[in-house]
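In case you want the letters, here they are:
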Amino acid sequence: MVFRMGTWEADRDREEKMANDTKQESNGKLDKTSEEAKERVPEEKARQYQLDVLEQAKTKNTIAFLETGAGKTLIAVLLIKSIHESLQKQNKKMLAVFLVPKVPLVYQQAEVIRERTGYQVGHYCGEMGQDFWDARRWQREFDTKHVLVMTAQILLNILRHSIIKMEAINLLILDECHHAVKKHPYSLVMSEFYHTTPKENRPSVFGMTASPVNLKGVSSQVDCAIKIRNLESKLDSIVCTIKDRKELERHVPMPSEVVVEYDKAGSLCYLHEQIKQMEVEVEEAAKSSSRRSKWQFMGARDAGAKEELRQVYGVSERTESDGAANLIQKLRAINYALGELGQWCAFKVAQSFLAALQNDERANYQLDVKFQESYLSKVVSLLKCQLSEGAVSDKHAEVDDSKHETTCNGTEPEEIEEGELPDSHVVSGGEHVDVIIGAAVADGKVTPKVQALIKILLKYQNTEDFRAIIFVERVVSALVLPKVFAELPSLSFVKCASLIGHNNSQEMRTYQMQDTIAKFRDGRVTLLVATSVAEEGLDIRQCNVVIRFDLAKTVLAYIQSRGRARKPGSDYILMVERGNLSHEAFLRNARNSEETLRKEAIERTDLSHLKDTSRLISVDTRPGTVYQVKSTGAVVSLNSAVGLIHFYCSQLPSDRYSILRPEFIMEKHEKPGCPTEYSCKLQLPCNAPFENLEGPICSSMRLAQQAVCLAACKKLHEMGAFTDMLLPDKGSGGEREKAEQNDEGDPLPGTARHREFYPEGVADTLKGEWILSGKDAYNNSKLFHLYMYSVECENVGISKDPFLTQVSDFAVLFGNELDAEVLSMSMDLFIARTVTTKASLVFRGSIDISESQLATLKSFHVRLMSIVLDVDVEPSTTPWDPAKAYLFVPMISDKSVDPVKQIDWFLVETIIGSDAWKNPLQKARPDVYLGTNERTLGGDRREYGFGKLRHGMVFGQKAHPTYGIRGAVAQFDVVKASGLVPNRDAMQTQKHISLTTKGKLMMADTCTNAEDLVGKIVTAAHSGKRFYVDSIRYDMSAENSFPRKEGYLGPLEYSSYADYYKQKYGVDLIYKQQPLIRGRGVSYCKNLLSPRFEHSEAHEGESEESHDKTYYVFLPPELCLVHPLPGSLVRGAQRLPSIMRRVESMLLAVQLRNMINYPVQALKILEALTAASCQETFCYERAELLGDAYLKWVVSRFLFLKYPQKHEGQLTRMRQQMVSNMVLYQYALSKGLQSYIQADRFAPSRWAAPGVLPVFDEDTKDGESTLFDQDTSISNTERMDCHTDEYEDELEDGELESDSSSYRVLSSKTLADVVEALIGVYYVQGGKSAANHLMNWIGIQIEFDPDEMDCARKPFNVPESILRSVDFDALEGALNMKFKDRGLLVEAITHASRPSSGVSCYQRLEFVGDAVLDHLITRHLFFTYTNLPPGRLTDLRAAAVNNENFARVAVKHNLHVHLRHGSSALEKQIKEFVKEVQDELSKPGFNSFGLGDCKAPKVLGDIVESIAGSIFLDSGRDTTIVWKVFQPLLHPMVTPETLPMHPVRELQERCQQQAEGLEYRASRVGNLATVEVFIDGVQVGAAQNPQKKMAQKLAARNALAALKEKEVAKNQKNDENGKKNGNQTFTRQTLNDICLRRNWPMPFYRCVNEGGPAHAKRFTFAVRVNTTDRGWTDECVGEPMPSVKKAKDSAAVLLLELLNKLYS
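Residues numbered from 1 in each chain as written. Predicted model: local features only at pLDDT ≥ 70, side-chain atom pairs only at ≥ 80, totals over all residues. Heavy atoms only, no water.

A. Fine view of the overall build of the chain. Scanning the chain from N- to C-terminus turns up 55 helices and 40 strands. Burial analysis of the chain (1704 residues in total) assigns 57% to the buried set. Restricting to contacts in the chain with at least 6 residues of sequence separation, those with at least 24 account for 74%. Total accessible area on the chain is roughly 70,200 Å²; 51% of this is exposed by carbon and sulfur atoms. (Helix = DSSP H or I, 4+ residues; strand = E, 2+ residues; numbered from the N terminus. Buried < 20%, exposed > 50% of the residue type's maximum accessible area, 1.4 Å probe, protein only. Contact = heavy atoms within 4.5 Å. Areas by Shrake-Rupley, 256 points an atom, 1.4 Å probe, with all protein chains shown as cover.)

B. Highlighting the sheet that holds strand β31 (residues 1120-1122). Taking strand neighbours across the sheet as the criterion, the five strands line up as β30-β29-β28-β27-β31 in an open arrangement whose pairing is antiparallel. Either end of the sheet is taken by a strand with one partner, and the two such strands are β30 (1113-1115) and β31. Here the strands of the sheet are splayed against their neighbours by 50° on average, with no regard to which way each runs. Where strand β28 (residues 1026-1037) and strand β29 (residues 1075-1081) come together, seven bridges link them in antiparallel fashion. Bridging from a neighbouring strand, S1031 pairs with R1078 of β29. Strand contacts of helix α34 (residues 1057-1065): β28, β29 and β30, with the helix running at about 85° to β30, the strand carrying the most contacts. (Pairing = 2+ DSSP bridges. Axes fitted to C-alpha atoms, helices over the stretch in contact; angles between N-to-C directions.)

C. Inspection of the packing of helix α38 (residues 1181-1202) against helix α46 (residues 1403-1424) at higher detail. α46 packs onto α38 with a crossing angle of 155° between their chain directions and a minimal axis gap of 9 Å. Judged by the inter-axis angle, α38 sits roughly antiparallel to α46. For the element pair α38 and α46, the recorded crossing hand is left-handed. Taking contact as the criterion, the partners of R1182, A1183, L1185, L1186, A1189, Y1190, K1192, W1193, S1196, R1197, L1199 and F1200 in α38 are, on α46, R1404, L1405, F1407, V1408, D1410, A1411, V1412, D1414, H1415, T1418, R1419 and F1422. A per-class count over the contact of α38 with α46 returns 14 nonpolar, three polar and seven charged. (Parallel < 35°, antiparallel > 145°, perpendicular 65-115°, else oblique. Left-handed = near helix turned anticlockwise from the far one by under 90°. Nonpolar A, V, L, I, M, F, W, Y, C, P; charged D, E, K, R; others polar.)

D. Region of interest: the sheet that holds strand β17 (residues 677-683). The strand order across the open sheet formed by three strands is β16-β17-β18, and the pairing between neighbours is antiparallel. Of all the strands in the sheet, the pair left with one neighbour each is β16 (663-669) and β18 (692-694). The mean inter-strand angle of the sheet, taken between neighbouring strand axes irrespective of direction, is 20°. In this structure, β16 lies alongside β17, joined through seven bridges in antiparallel fashion. By the bridge assignment, M666 is partnered in β17 with C680.

E. Looking closely at the pattern of salt bridges. Evaluated as defined, the whole model comprises 49 salt bridges. Its salt-bridge partner being R863, residue E874 comes within 3.4 Å of it at the nearest N-O pair. With E874 in the loop between α27 (851-868) and β24 (886-890) and R863 in helix α27, this residue pair connects regions lying eleven residues apart in the sequence. For E874, a relative accessible area of 25% corresponds to the partly exposed category. Classification of R863 by relative accessible area gives buried; the value is 11%. In this structure, E874 engages K923 in a salt bridge whose closest nitrogen and oxygen atoms are separated by 2.9 Å. With E874 in the loop between α27 and β24 and K923 in the loop between α29 (905-913) and α30 (926-930), this pair connects stretches of sequence that are 49 residues apart. (Salt bridge = Lys/Arg side-chain N within 4 Å of Asp/Glu carboxyl O.)

F. Main features of unusual backbone geometry. In the segment running from H1531 into P1532, the intervening peptide bond is cis, with an omega of -5°. Turning to its location among the elements, P1532 is positioned in the loop between α51 (1519-1530) and α52 (1543-1553). Look at K182: it is not a glycine, yet its phi comes out positive at around 50°. Relative to the helices and strands, K182 resides in the loop between β5 (171-175) and α9 (185-194). Positive phi values are uncommon outside glycine, yet N1157 reaches one of about 65°. Here N1157 shows up in the loop between α36 (1136-1156) and α37 (1162-1169).

G. Just the packing of aromatic side chains, in detail. A complete count under the given rule lists 24 aromatic pairs for this structure. Between F803 and Y1028, the ring centres sit 5.3 Å apart and the planes meet at 85°, which makes this aromatic pair edge-to-face. Note that F803 is positioned in the loop between β20 (783-796) and β21 (810-814) and Y1028 in strand β28, a separation of 225 residues in sequence. Among the residues examined, F803 registers a relative accessible area of 8% and is labelled buried. (Phe/Tyr/Trp six-rings, centres within 6.5 Å; stacked < 30°, edge-to-face > 60°.)

H. View of the environment of S799. Take S799: it is sitting in the loop between β20 and β21. The class of S799 is partly exposed, set by a relative accessible area of 32%. When sequence neighbours within four positions are dropped, the list of residues in contact with S799 reads L804, T834 and V835.

I. View of the packing of helix α48 (residues 1443-1452) against helix α49 (residues 1464-1482). Contact geometry of α48 with α49 gives a least axis separation of 10 Å together with a crossing angle of 90°. Taken together, α48 and α49 sit at an angle that is classed as roughly perpendicular. From α48, A1447, R1448, V1451 and K1452 reach across to α49, where they touch F1473, V1474, V1477, E1480 and L1481. Here the contact of α48 with α49 is composed, by residue class, of six nonpolar, no polar and three charged.

J. Representation of α52 in the model. Burial of α52 is extensive: nine of the eleven residues sit out of reach of the surface. Turning to α52, its buried residues are P1543, V1544, R1545, E1546, L1547, E1549, R1550, C1551 and Q1553.

K. Examining the pairing of strand β35 (residues 1578-1585) more closely. In this sheet, β35 lies alongside strand β34 (residues 1568-1575) in antiparallel orientation, the contact comprising seven bridges. Bridge pairing in β35 links V1573 to G1581. Between the end of β34 and the start of β35, which pair antiparallel, lie two residues, with D1576 showing a positive phi angle near 50°.

L. α29, seen in detail. All buried positions along α29 are accounted for by W905, L907, V908 and I911. Seen end-on, α29 carries its buried residues on one side only, within an arc spanning 160°. Opposite the buried face of α29, by more than 90 degrees, sit the exposed residues F906 and G913. Looking at the buried residues of α29, the elements they touch are α27, β24, α28 (899-902) and α35 (1127-1133). (Arc of directions from axis to C-beta.)

M. Spatial organisation of the side chain of D904. Inspection of the secondary structure assignment puts D904 in the loop between α28 and α29. Looking at D904, the relative accessible area reads 18%, which means it is buried.

N. Just the confidence of the model for the chain, in detail. For the chain, the mean per-residue pLDDT works out to 76, and 76% of the residues sit at or above 70. Between residues 290-321, whose pLDDT stays under 50, and residues either more than four places distant or in other chains, the model counts 90 contacts. Below pLDDT 50 for its whole length, residues 388-431 participates in 51 contacts with residues either more than four positions away or in separate chains. (pLDDT = per-residue confidence, 0-100.)

O. Up close: the environment of S1393. Within the secondary structure layout, S1393 lies in the loop between α45 (1382-1388) and α46. Distance in space between the C-alpha atoms of S1393 and S658 is 4.2 Å, their sequence separation being 735 residues.

And the structure:
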């Protein structure tokens, strides 16, 4: 055990590159974990030699030359720490950059540094998309992180783009620094940036390597010295190694080297030849079919540009599309496998290539895939038939996997499962494999080399904890060997995986690498087959066997791969071909070199005597020519120019049919006697700002290419295509366009989730200091000049309810005159189901009143409003706010007299003077006084707060007096004890008196005339509730029996009314014989502005009449107190809050109009300021739609004309920045729009009347939007309800959180929408000039008059040849217009994949055409369908303006045949689409406005837009001409009848019909939103999409499909059972759909009959529809049915038949 501990210690303390303790512990080997705990302490201690190197590194730049596994990373970590501490003392922040050569190391080293230091460490590699970051994003990284781990190329890029300066780095660490040679990024970072930085500003450098020289072998000591010296000068450092190797050897165990020889493989000439032959064929085919020059087709092999592009900018060229080049690579790989691994492996390789091709989801777009497939399948069959011919012993059958059942020895085929042996062959150990493999080898199916490898592996069969890495040279071997091992049963102890780097065709992504390495670490994989990517620095502690299947290429690789065997007692196995001299020589050389190097590093040869110093590099030269941007210091040099140009092209807007890349044309210049020189011509894609550039004459092709690219970079920067950082200009200053949230996770301004509190605006007109006066009640000298407006109400509709007509008249007193437009406005108040009232203000005259009169009016106003709004305030103490000054006064009916006399002074005096106010029960909120939780005003104070109110029982109480009681009940004792009700014993004595006098009633506190009570309000002393007195029931008394609850059949609860009061409230009634008062509950004050009664549908279960039923309560008079306010007065006053709310918002609209200063109807402005969440009869959504399209159009036109050289991507981004919600939101704030917007549903309980401020209590907090959604009018269902969102706790717009009435929540999207709506309103009211005026006012800076803009657009000089190739007659005929400038038309039909020759592609025209069509179509729809709800209008616009629709237009008018492009894949797709469309058209009545199932190629829709753009320009920028051309093209335009219903909408309505609970649950992972649909808690559909809206749409569509399937299945089942009503499930739904499509109101159902015993009730319903064109239909009466739903269905069926007759 002791020895074991020792080795463990050594092993633990070895280089800590990856903190894998955690991973090891997960192995769950207990002994290990416990040891680990002990070991933890010494682990952090550095060994002596590490400290020595560290000391040197602290004082000067150092290269640490130590074995792999000697713990170099630990030294680096300690160095980082020491620098951090010394900088901290000076209060500076450290920035260390740790460079690594390979991607997997990025993650590994970052992890180690994090573990060891606890600093903020960032890690970056090309895959994370840093190439596309801009300076601000990087700056954030520099500010927050201490150490940045990255690949060298990234540092080089950000230095070149001047995003970071060398001076900013304190410490530069280069891992595996021997790479710093030639053009490696390490080398370029040092030479281009480090050495050009002044000495005092340079960072410290620390290099780490296992061998400072990277070459095939070292010829001599001097050679070696030169190489080391060069590396030192390049890194400006000194090599440091360990003189005393003993300590090192104690810590770093060396594996034992084993050489295994294998035989040379027998040649398979004829196969090789056949494959070679194919390569040639492919090249020929490529040449002949080439659309471009040959070398381009071969995958832009120009002078290594491709490689550089991939390295530099992480853009891997899509070689897939260059089928030939790709195929040749694949054939070469197969050929290699054939030679090195044998025929069987080659077959596997070919087969996997083929499978990959067939699974490639892009396969259907690319012809070259088919091209590749044909060749590959040839190869597969070639190799396969070879395999089965060679009749191997039958055991071979199991090598060949069972997918190809091989007929063995011509006998019956034995089917053998993979990895299984027939019983006869269960032999121990490896003999049978030898037999099989032996046979395969003899036959050349497997090379001896592979056989030798398998034998080696079998040796380790019983090794415990076996981990091995096999190094191979080519990716092919790495991919195919694991497949071979998997099929050999004897190797079942091996769990194998491949590890390959990034190469273009078979890429392995970083996370996959990470994953494989992690699996290897914890033993889920025990054998890695790796390419050189694993040689360097991957730290895998447990590895105990390293096999070099292919010998290393360099000494360095030899040393490094040996270093992967970390476990003491490991093996390093080198496989060498027998008799191959080069292999032997290499091994000798490698071993010697290592010694030489080590010696040199310690003894340093003196090089001063060298004559030829040219081999020593000097560093001070500035490399090559560069172009530097003065302002930022960004540079582009010859080295980086080619990559930058490629990157620029890859960033130009393109689709998958055109790969945009630069083309280079070389020209030779030969003069006799001189070396050949070259110049290069560069061609950029057609959407770049310029197309051709000639380069200077240079000595080599490579230089010529670099020089022309450098010139191009310079030119692009001058033209503004590159930013000053020399990055492609995306046309944007803001980088976070995509993100919904910024880094802290808060929603960004401009999004719907970003909400803030804003003060509510009050119009200036309402200001008035006068409201503060009136304290001094006796001062009559001072007069106030006020304006009196009476509130006129006119009822529309009929109702039997007398209370609706018995309403007092009111007037409002203002301090200022109101705008005439406010008076002309009449508002609809929805006061009952069948009755609306039109209310308006009428000017009665100006009046002068004295201070004492003002005082009385003020206190009357407070008394009245405190009861109406249920707020307990005292006139003497209530605060008045001069910002909102007006008073309500009662009026007499005589209108002829002088205005002052019209005020009902008598009533005012009586009410103020009443003693009743002293009794708290008579004031507002007696419930609070009584300590009960009940509400005075019927149930609940909050609107729609109480569940029962949903069911249309909007007025008053059920017939049952306990309605609305929430548990706690005020026992009458409380009331008695409070002394609010006179002593009842005293009343006993009067008993006999009062009953003698007829017509008198004993109330709780007085005795009154029965007649006087009618029309008054009484307060119930036992509960504090208020009731209107309807009549006195002389026929009833407290001894009458107490009625049952509706539908209740059990035993009686109470025997009589008296008994009820006794049991429930503990009251003994004294006058049991008194008649009862019949009363109706006083309802609380409601929002009368929202149409509450639209959906009679929503209240299933009651018949129509029951809606008008009034619920009465019978009260014993002795429990009632008479209230001082008359009933009609309160009923009238309950309308005032709604009226004033509208007047207040109208005054704000008028004020805003006057600010903007352009004559427009204020009512329209009010519409633009009212959000849908107000649920009123109008909202801004329609106008916003129009404004949105107009704004987009104006901005697009402006940008298009102003920036003739910017490409479409830049234009789109610039437009995004000018019209994004975020920008509009900022504009809105700067103009103060937030205080004008009406965003919340009016809630009287939260409304502040002058002098009566709302009270906020805990239970009003949860807002009002919950129950209301049941009754929402249709237009509202479009909104995804706030509660379906992930953000449960957020407030809906306008909802309030706390106790200030003057603030409300607005989402910043609402503000942006209002800006668009205002543009829309101004556009409708005053055309372009009005809209432009508004846009100027709001701050959108645009020159509106395009003629002033200099747009000397060059007339196209399109080459004749092209003009001849376009069939103008047909094209212009289809468009029905003649072009003045045909160049425009050519441009409009040219796709980017067409090689350019002076014609740009259509992208810029598409940009402007898209906007113009959007604007024109939206305008058309807006003005055509004026009374369509906004939701439907949005759907219409979406269906008309979308690529799918335009693509169908293109096909219908044969525009697609004129498209000029160069992509066979596109051609094929268009053909398919055209066929689809013709099928669609042949189906009768089928039109798929945007909801079609066939996805159109985007190009087709684009050319329709670009043609619109070209017409616009050609006609002298006249949109009317565009519309003239396009209206016939777009015909038939979508109409509300033909519009397919939006799935979300359809699902919602269906669920409402079926009374099912519908819920959407949304979640977001990364950039994918997932929406699931639940119906009654069961998931019925789900979908994913980057956009949540789209995901919701798809999820709803899936859910509908699922539901319909269920329906169909159910109906079929029903039909089988012989039921006849199986298919009626959809009838009401179908009827509703028809009404929606035709824009009719919803069907009107009424209950005709309801009868039968309680257990077998039957309902009969009738239904009719008000059609807009023929008026009401006849009423259809259905069958009697057991449920209301079924009864309605039965009626609906009849009505549907009727409609069919009428309209078919």
